[in-house]
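Descriptive analysis of the structure
Residues per chain, in single letters:
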Amino acid sequence: MQIPHEVTARPDTGLYNAKLGIWLFLASEVMLFGGLFSAYIFLRMGAEDGYWPRGLLNVPVGALNTAILIASSVTVVLAWASLKMRKFSQYKLWMGISIICGAIFLIVKLAYEWPQKFDHFGAFIKQSELAQYEPYLGNAYLKEKGLPPRVEISGHLHGVEITAEPAGKEKLDAFLQDHHLKMEAGHDAAHPGVQLVTGKHLKPGTVEQLEKVPGVKLVAFEVALDPINAEPTNPESDKPHFWYKGATEKIGKIEREDVETWSAFAPKHSSYFAVYFTITGLHGLHVLAGVLIMIYLWLPIAGGANMFKRNPEHLANRVEVVGLFWHFVDLVWIFVFPIFYLL
Amino acid sequence: MSESHDHPKEVATTDSHASAAHADHAHHDMHLGLYLGVGGFLLFATVVTVWLSFVDFGSHAANWIVAMAVATVKVGFVAAIFMHLKGEKWMIWKFLLFTVFFCAGLFLLTLFHYADPIFGTSYTTH
Amino acid sequence: MFTAATAHAHDDHAHAHDDHHEPGFWRKWVFSTDHKMIGVQYGVTGLAFLMFGFMLMMIMRWQLANPGMPVPVIGGMLQTFFGPSAFQSTADGVKGVLTADGYNAFGAMHGTIMVFFGIVPVAFAAFGNFVVPLQIGAIDMTFPRINMASFWCFFVSCIFMLVSFFVPGGAAKSGWTSYPPLAGIADMGPGIDPFMNGQTLWLTGMIFNITASLLGSVNFIATIIQLRAPGMTWMRLPFFVWAQFVTAFLLLLAFPPLEAAGVMQFMDRVFGTSFFMPTGLIVNGAIAQWSGGGSPILWQHLFWFLAHPEVYVLILPGIGMVAEIIACNTRKPLYGYKAMVGAIFVLGFLSFIVWAHHMYMTGMGAIVAAFFQTTTIMISIPSVILVTALMLSLWGGSIRFTVPMLFAAAFLPMFGIGGLTGIPLAFNSVDLYLHDTYYIIGHFHYVVAPGTIFAIFAGVYHWYPKATGRMMNDFLGKMHFWLSLIFMNGIFFPMFLQGMAGVHRRWYDGGGRFLADGTQELTYQLAGPVLHWNSFMSTSAFLLGIAQLPFIFNFCWSMFYGRKATDNPWHATTVEWDTPTPPPHGNFIKDISVHRGPYEYSVPGADKDYTPQTEAPKSAQLPPGAVPAAAAAH
């Protein structure tokens with residue numbers, strides 16, 4: 001039993017089944033990402049002043065990824081055209097390049113961009129305590145220039161100050177040893193009980209675990225400040241820049257009790273990162289799905305490239321369908337890139 | 001089923017069911033240049049997008065409008081050329097237009113949840 | 001008639017096909033790609049869930065009529081089964097008192113199960129899968145394997161929903177709407193697993209359910225567009241196919257925003273984001289852990305963007321089935337077929353832009369409120385066209401009161417009551433008063449319970465002979481119908497009275513109770529004058545449950561012992577009756593081509609009172625063995 005119009009178009013609609021199917025699926029995808037983008041718009045328009053950051057992402061890397069996706073879109077359509085012209089070796093070449101492009105995109109995203117964010121520290125200061133941190137925030141200067149205020153201090157964690165009850169010392173020591181951290185006591189003469197935990201592997205996630213060790217209480221963060229907090233009144237800090245600048249050498253200290261919420265630049269950090277990780281995560285899943293299907297069509301297997309000998313038109317149709325999906329993924333990214341990286 | 005299709009020489013086909021939709025070879029040869037050209041334009045437009053985002057248009061909203069306009073042009077090219085929407089069947093256009101309309105409805109009606117001329121609120125706040 | 005040309009004529013012989021031999025047990029009964037088997041799988045699962053959801057409701061109704069009293073007879077069993085989060089013991093140690101949490105969980109799950117796991121799978125997926133390809137003369141759906149994937153995705157979602165009853169804390173309890181921030185903070189805290197808890201499992205289940213719906217709706221639309229038999233032009237489609245077509249579009253385009261919202265709420269609960277958690281949220285007297293900045297209103301928008309079209313997803317397949325059954329049993333064409341097709345498209349379109357009439361209470365601004373008020377009133381026009389056309393179809397017909405026709409005929413006034421009571425709710429000034437009262441409950445239950453569920457029953461009685469080859473018992477069917485009709489109204493009509501008095505839908509004690517001396521002990525004074533309806537409604541609910549026993553018995557018994565059915569027992573015109581009974585894999589044993597519209601009943605001058613769509617006009621009768629041009633085109 002063969003379903004009609006699997007390969008050839010139905011005369012009155014002019015479509016073969018899978019092409020109609022993928023377009024219907026893409027229509028639903030438009031609504032899926034539409035829901036997410038409407039969340040972006042709603043949350044951003046509703047965000048209070050200072051709570052929607054700009055310039056936190058690495059623009060050149062994002063632009064590079066955009067270029068990679070666009071290039072892969074071109075190669076996919078060339079792969080399809082090669083099949084239409086029945087040029088098999090060209091098909092293998094273009095499809096192979098598309099797969100590689102998709103893979104590079106994912107690697108950049110998962111191995112570079114995301115982990116960098118998970119290591120970055122940010123703390124929102126309580127409204128009532130903002131004045132104390134004026135040297136890092138520069139709100140008077142911003143007000144004068146008519147710019148929105150800053151409420152967050154971010155950078156790389158240099159150390160955290162804690163107090164620990166003697167009873168839990170063993171567990172604390174074990175924790176510190178496991179995470180290659182060191183602790184020095186008495187570095188703050190006014191508060192002899194306070195001890196400073198430092199180390200190369202001190203990440204916000206580590207501190208969250210440290211906080212759970214019995215008897216440990218966080219007192220303050222020592223942060224190697226981002227340029228924007230290191231020099232808040234420098235006009236250079238007024239707007240985002242093309243080249244991403246990492247944290248400076250300047251250390252700032254933030255008392256835990258002055259902080260409203262703190263975390264890594266992870267989804268839970270703020271609405272911005274929540275939307276960013278959800279949309280790019282879902283988009284990444286689409287890229288992954290596309291890459292897997294393209295690999296399937298590239299490999300010399302019965303449902304893949306080997307179809308060329310048996311039924312090249314069917315293979316061309318399959319490539320056209322995955323191509324449509326791939327272009328859609330590209331199309332979403334064309335919106336994602338400016339709204340998260342640039343605007 | 002039509003079996004009149006003549007296969008290109010370089011392909012060793014074992015059956016004669018390959019295609020009833022005749023692949024117009026010359027036609028696709030012509031398009032290769034178009035695909036590369038559009039690809040080049042998209043890469044260029046990406047550079048333009050980045051550049052424009054650092055240009056001061058007077059307000060941030062203006063930057064938004066410019067960036068979205070460029071993105072829409074790019075997306076239009078991807079859809080029209082790469083996805084062959086240009087010259088695609090009217091059936092597909094029909095339901096895509098509805099989709100875009102509903103999507104826009106979701107954006108706008110949600111955004112203006114609190115819009116009220118009596119109290120003078122404009123768009124969403126929470 | 002043509003000779004033994006078969007659907008296999010389309011075979012592409014270069015492929016090796018697995019169906020040249022009879023599929024094995026697993027491929028035939030479990031992992032089947034045959035649309036009829038998938039339809040039956042959806043149908044059986046969905047009917048089982050309808051029954052389960054109804055049982056949850058009966059327990060709730062017991063609690064409403066007798067607050068704090070243990071459920072009789074099965075109380076102990078329930079407590080063992082559902083655990084301490086849903087049931088507790090009385091002071092005397094009698095087991096089986098529904099707790100407040102249990103009531104909330106049962107209420108939320110009753111709504112979820114009835115809508116997403118009962119009615120949609122039966123009315124849309126089961127009947128759509130079984131009937132639509134047959135009615136358009138197709139050998140299967142366009143994407144049989146995706147069809148199977150759809151069912152198994154749905155099956156996974158069922159597992160998640162069922163498991164959620166048995167995790168610590170019990171099933172989701174924030175209403176079927178899962179409004180945050182309540183849903184965001186529910187089922188959290190010490191001793192509760194971040195994933196294995198009611199609300200998170202609900203979200204996971206919904207994400208799978210939505211995926212299943214999306215896969216199904218792509219398949220339905222593609223099938224209707226691509227696989228119509230030769231001669232089956234658009235305006236020759238039976239109305240049921242149109243209804244399924246529009247319904248599939250509603251699911252396709254309205255469900256994804258809820259999938260997005262489901263993912264976001266999942267992120268809120270599992271990864272601590274605050275999409276829907278507002279700044280400064282205080283839980284149990286302490287500021288909550290979320291960073292804030294989110295908006296509960298956003299969830300409501302994304303939820304109702306689906307959930308309003310969902311209302312039409314529930315009702316349109318029902319209207320489609322009723323239209324088929326009315327045309328067949330009045331022995332005359334549908335009145336205004338074209339107007340109905342137009343109306344159903346307008347209805348589908350408008351259903352996307354009315355959603356926020358569920359949200360008048362959120363303090364929305366005048367512009368958007370006025371917009372939604374207007375579109376909501378507008379949508380009543382196509383609804384009324386549909387019901388009026390069906391009513392007028394009865395006019396002058398020689399009606400056969402078969403069991404499906406009884407259900408279909410009762411559908412019209414019942415759906416009418418449900419629809420007309422909705423009109424006041426469209427106006428936001430009225431809605432502010434009636435919002436979340438039993439008036440709302442009465443309104444939408446009239447649409448879906450004696451509305452859609454009656455249509456489902458009508459469909460089951462109508463197509464049962466085609467699916468099983470046997471007729472259902474007529475007497476048991478009529479008993480089922482009359483008792484259901486009476487008790488449905490017994491449950492739902494008093495809800496309007498209670499609702500207008502102001503009784504809130506989520507009071508778990510029903511507003512108060514009667515003491516032994518006949519006086520009332522009220523939690524809310526306003527419930528006093530209408531409190532006595534509670535026991536009336538609950539009794540009706542239990543009797544309605546009993547009234548389903550003839551149906552269940554009939555359904556099972558007739559499968560083996562019912563009267564043998566002919567291929568076309570109702571003398572219907574549409575193509576599905578042109579198959580052997582039950583239809584084999586591939587459906588048709590002859591080439592199908594369609595020559596006429598769907599409802600040629602009682603055509604003057606015809607030799608019988610119905611002319612099947614596949615019957616060729618006499619003048620154009622082809623010589624035996626000839627292949628008609630249209631059939632050869634592909």
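Turning to the overall build of chain C, a few remarks are in order. Summing up its helical and strand segments, chain C has 19 helices and six strands in all. Relative to the 2.2 N^0.38 estimate, which gives 26 Å for 634 residues, the radius of gyration of chain C is 25 Å and therefore close to what a compact globule would have. A principal-axis box enclosing the C-alpha atoms of chain C has dimensions of 85 × 55 × 55 Å. Burial status across chain C gives 57% buried among its 634 residues. Within chain C, residue pairs in contact and separated by at least 24 positions form 79% of the contacts whose partners lie at least 6 positions apart.

Residues C:Ile136, C:Ile221, C:Leu252, C:Val322, C:Phe407, C:Phe411 and C:Ala458 are the most contacted members of the largest nonpolar core, which totals 325 residues. In this structure C:Ala458 touches C:Met321, C:Val322, C:Ile325, C:Pro404, C:Phe407, C:Ala408 and C:Phe411, once residues within four positions along its chain are discounted.

In this section: the environment of B:Val50. Along the chain, B:Val50 turns up in helix α1 (residues 25-53). Residues B:Val50 and B:Asn63, 13 residues apart in the sequence, show an inter-C-alpha distance of 11 Å. Setting aside residues up to four positions removed in sequence, B:Val50 forms contacts with A:Val59, A:Ala63 and A:Leu342.

Moving on: the interface of chain C and chain B. With 17 residues of chain C in contact, the opposing surface of chain B contributes 17 residues. Of all the secondary-structure elements, those providing two or more residues to the side of chain C that touches chain B are α8 (239-270), α9 (296-330) and α11 (366-394) of chain C. Its residues assigned to classes, the side of chain C that touches chain B comprises 13 nonpolar, three polar and one charged.

Take the confidence of the model for chain C next. Residue and element names in this part refer to chain C. For chain C, per-residue confidence averages 92 on the pLDDT scale, and 94% of positions sit at 70 or higher. In this model residues 628-634 is a low-confidence stretch, pLDDT under 50, and it forms 15 contacts with partners more than four residues away in sequence or in other chains. Across the interface, the model reports ipTM at 0.95; the global pTM reads 0.92.

The next thing to look at is the packing of helix α1 (residues 17-46) of chain A against helix α7 (residues 198-226) of chain C. Packing of α1(A) against α7(C) leaves a shortest axis separation of 9 Å and a crossing angle of 140°. When the interaxial angle is binned, α1(A) and α7(C) end up oblique. The handedness of the crossing between α1(A) and α7(C) comes out as right-handed. Counting all contacts with α1(A), which are made through A:Asn17, A:Leu20, A:Gly21, A:Leu24, A:Phe25 and A:Ser28, the residues of α7(C) involved are C:Leu214, C:Val218, C:Ile221, C:Ala222, C:Ile225 and C:Gln226.

A separate point is α1(A). For α1(A), built from 30 residues, the straight-helix expectation of 44 Å at 1.5 Å per residue is met to within 8% by its first-to-last C-alpha distance of 43 Å. Burial within α1(A) is extensive, with 27 of its 30 residues counted as buried.

Between two packed helices, the angle of one axis relative to the other and the distance separating the axes together describe the packing. Residues and elements named next belong to chain C. Their axes nearest at 8 Å, the elements helix α5 (residues 144-163) and α7 cross at an angle of 160°. The angle between the axes of α5 and α7 places the two elements in the roughly antiparallel class. Crossing handedness for the pair α5 and α7: left-handed. Residue-level contacts link Ile146, Asn147, Ala149, Ser150, Cys153, Phe154, Val156, Ser157, Phe160, Met161 and Val163 of α5 to Leu201, Thr204, Gly205, Phe208, Asn209, Thr211, Ala212, Leu215, Gly216 and Asn219 of α7. By residue class, the composition of the contact of α5 with α7 is twelve nonpolar, nine polar and no charged.

Criteria and cut-off values
Residues numbered from 1 in each chain as written. Chains lettered and ligands numbered in written order. Predicted model: local features only at pLDDT ≥ 70, side-chain atom pairs only at ≥ 80, totals over all residues. Helix = DSSP H or I, 4+ residues; strand = E, 2+ residues; numbered from the N terminus. Rg over C-alpha atoms; globule rule 2.2 N^0.38 Å. Buried ≥ 20, exposed ≤ 12 C-beta atoms within 10 Å, placed from the backbone. Contact = placed C-beta atoms within 7 Å. Core = buried A, V, L, I, M, F, W, Y, C linked by C-beta atoms within 7 Å. Nonpolar A, V, L, I, M, F, W, Y, C, P; charged D, E, K, R; others polar. pLDDT = per-residue confidence, 0-100. Axes fitted to C-alpha atoms, helices over the stretch in contact; angles between N-to-C directions. Parallel < 35°, antiparallel > 145°, perpendicular 65-115°, else oblique. Left-handed = near helix turned anticlockwise from the far one by under 90°. Expected span 1.5 Å × (residues − 1).

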